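Chains, contacts and geometry: an overview
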Amino acid sequence: MARKLLLTHIHVPGIHTFEVYRQQGGYRAVEKALKTLTPEEVVEEVKKSGLRGRGGAGFPTGMKWSFLAKPEGVPRYLVCNADESEPGTFKDRYLMTHIPHALIEGMIVSSYALGANTSYIYVRGEMMPQIRILERAIAEAKNAGFLGKNILGSGYDLELYVQPGGGAYICGEETALLESLEGKRGNPRIKPPFPAVSGLYNCPTVVNNVESIAATVPIINEGGEEYAKIGIERSTGTKLISASGNLNKPGVYEIELGLPVEEFIYSDEYCGGIANGKRLKAVVAGGSSVPILPANLILKTLKGESRLMTYESLADGGFQSGTMLGSGGFIAFDEDQCIVRNTWNFTRFYHHESCGQCSPCREGTGWMEKVLHKIEFGHGSYSDIDLLVDVSKKIEGNTICPLGDAAAWPVASAIRHFRDEFEWHITNGHEAQRRNYGLAHYADPLEPVM
């Protein structure tokens, strides 16, 4: 059995309450941090752990914390990004629903490390049940003396608030989130200045994902060096994966980084294989914004090595033959799924969620949606495929925030790996309305490139 750090006690009855969470060893990290460690030592432990941002970017968390400006007399803030609007990703919602005190404890430890006396959990507006759960958990922690003035007699004060968002995908981007938190329209800010220097209310701010913050608890309990022993290379620790699509056992899994992708898909401990005895056709490994890969490339790299669930292995080959771990939104497609329809569906989402601030994204996502609609419904031409590639190139890298890239990458990768399926839709427009292209050669063994 793989080692679990965040979901160890997830099935204990009543684990969502302070009393049961405390009985299972909860809030030991707060006691250890506040009574035996300085804020600088907490940051150092997180650095030693090698923890990387679990929201998608994968930037080293301890390093991000060390960038925080500390001007005299100016407040600092920690903001938890619980917006989680990435299609295919639902692990943060699962964590907040079932074990909210893991996040509250992580917020206290992380706020102490950063010298923040006021912190916020920004939750996607549609997650009202989770907002209520978190508010109850915060009240319980405060009644027990773990929030408020002079926590555990340490002299450290912290107030923690839950803020509902407006339900916009763009507010998952940290600067748009800060704009929304300040009561403004959720438009991304131009950087620099970065939030670490000028963030919430123009004060130094750190924005971290739910899972990243919750992971500080086992890091402080066990020590950064012990945490770093889990996983491989620069992918240390465990990772929550949201598994969905045509799987026998979809759900949220905590894996040790370094697990082979094939084992994750087919072993009974995890997803249990492809549903209904079908064959695997393609996988989106890290949420809808990362490049899609055909079955043969998600299971093995072009070098013939087993693809692993790590930041490095999934990215092996760059965007020509690799993808990204991203937020861990793992979507599996069986042999009957249509890549063109899926790509069109993703593009509809990004067009709808674009804030409209940048012309390439505002106009480009609309163009891609229209062209993909043409192809999917039997009215496309061969030139449309090249037009999609051209538009995606004009969006990528030309916007204030990464939403443009997130919209461009799925389209570019779908055409790169499944071009024959797009062409089939064009040459067989009427037939494409009645049936899907099928598996084709997407699972054929590849000749290793040495």
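In what follows, the accompanying structure is described. (Residues numbered from 1 in each chain as written. Predicted model: local features only at pLDDT ≥ 70, side-chain atom pairs only at ≥ 80, totals over all residues. Heavy atoms only, no water.)

Structural notes on the overall build of the protein
Counting its secondary structure elements, the protein contains 19 helices and eleven strands. Over its C-alpha trace the protein gives a radius of gyration of 22 Å, about what one expects of a compact globule, namely 22 Å for 450 residues. Considered along the principal axes of its C-alpha atoms, the protein spans approximately 75 × 45 × 40 Å. Taken over 450 residues, the protein has a buried fraction of 57%. On the protein, roughly 18,000 Å² of surface is accessible, and the fraction owed to carbon and sulfur atoms is 52%. Charged side chains of the protein number 45 positive and 53 negative; the gap between the two group centres comes to 2 Å. (Helix = DSSP H or I, 4+ residues; strand = E, 2+ residues; numbered from the N terminus. Rg over C-alpha atoms; globule rule 2.2 N^0.38 Å. Buried < 20%, exposed > 50% of the residue type's maximum accessible area, 1.4 Å probe, protein only. Areas by Shrake-Rupley, 256 points an atom, 1.4 Å probe, with all protein chains shown as cover. Lys, Arg positive; Asp, Glu negative; His and termini not counted. Charge placed at Lys NZ, Arg CZ, Asp CG, Glu CD.)

A word on the sheet that holds strand S7 (residues 238-245)
Overall, mixed pairing links the five strands, which are arranged S8-S7-S11-S9-S10 in an open sheet. The open sheet has two free edges, formed respectively by strand S8 (251-256) and strand S10 (292-294), since each of these has just one partner strand. Within this sheet the neighbouring strands show an average axis-to-axis angle of 30°, counted without direction. Two elements, strand S9 (residues 280-284) and S10, share three bridges in a ladder whose sense is antiparallel. Bridged to valine 284 within S10 is isoleucine 292. Its contacts with the sheet place helix H16 (residues 339-353) against S9, S10 and strand S11 (329-334), and it is angled at close to 15° to S9. (Pairing = 2+ DSSP bridges. Axes fitted to C-alpha atoms, helices over the stretch in contact; angles between N-to-C directions. Contact = heavy atoms within 4.5 Å.)

Side note on the layout of surface pockets
Its boundaries defined by the atoms lining it, the largest pocket holds a volume of some 1,300 Å³. Contributions of two or more residues to the lining of the largest pocket are made by helix H4 (61-66), helix H5 (91-98), strand S4 (205-209) and helix H19 (403-427). The leading source of residues in the lining of the largest pocket is S4, at five residues. Across the lining of the largest pocket, the residue classes tally to 17 nonpolar, 17 polar and eleven charged. Roughly 310 Å³ of volume is contained in the second largest pocket. Every residue lining the second largest pocket is counted, 19 residues in all, and those nearest its centre are Leu5, Thr8, His9, Val217 and Asn221. When residues of the lining of the second largest pocket are traced back to their parent elements, those giving at least two are helix H6 (100-114) and helix H10 (216-222). For the lining of the second largest pocket, the element with the most residues is H10, which contributes four residues. Taken together, the residues that form the lining of the second largest pocket break down as eight nonpolar, six polar and five charged. (1 Å grid on protein atoms, 1.4 Å probe; cavity = no way out; pocket = protein on both sides within 12 Å on 5 of 7 lines; lining within 4 Å. Points joined across faces, edges and corners; volume = space filled by probe spheres on them. Nonpolar A, V, L, I, M, F, W, Y, C, P; charged D, E, K, R; others polar.)

Topic: the pairing of S7
A regular strand places its side chains on the two faces of the sheet in alternate fashion. Summarising burial for S7: seven of the eight residues are buried, a large majority. Across six bridges, the pairing between S7 and S8 is antiparallel. Following the sheet pairing, isoleucine 241 is matched in S8 by tyrosine 253. Connecting S7 to the next strand, S8, in antiparallel fashion are five residues. Relative to S11, S7 runs parallel, the two being bridged by four bridges. From the neighbouring strand, serine 242 faces S11, where its bridge partner is glycine 329.

Remarks on the nonpolar core
With 63 residues, the main nonpolar core has Tyr27, Leu103, Ile104, Ile121 and Val123 as its most contacted residues. Broken down by element, this core gets its largest block of residues, nine residues, from H6. In terms of nonpolar packing, the next biggest core, distinct from the first, is built from 48 residues, Cys338, Cys361, Leu372 and Cys401 among them. (Core = buried A, V, L, I, M, F, W, Y, C linked by side-chain atoms within 4.5 Å.)

Some thoughts on the environment of proline 100
Looking at the element boundaries, proline 100 is found in helix H6. Residue classification places proline 100 among the buried positions, given a relative accessible area of 0%. Linking proline 100 and phenylalanine 18, residues 82 residues apart in sequence, is a C-alpha distance of 9.1 Å. Setting aside residues no more than four positions away along its own chain, proline 100 makes contact with His16, Leu95, Ile133, Leu134 and Ala137.

Some remarks on the sheet that holds strand S3 (residues 159-164)
One open sheet accounts for four strands, arranged S3-S2-S1-S4; its pairing is parallel. Strands at the two margins of the open sheet, each flanked by one partner only, are S3 and S4. Each strand of the sheet is rotated relative to its neighbour by a mean of 20°, with strand direction disregarded. Where strand S1 (residues 77-82) lies against strand S2 (residues 118-123), six bridges are found, and the strand directions are parallel. Each residue of the ladder has a partner; that of leucine 78, found in S2, is serine 119.

Everything listed here is a matter of coordinates, which is why it stays silent on function.
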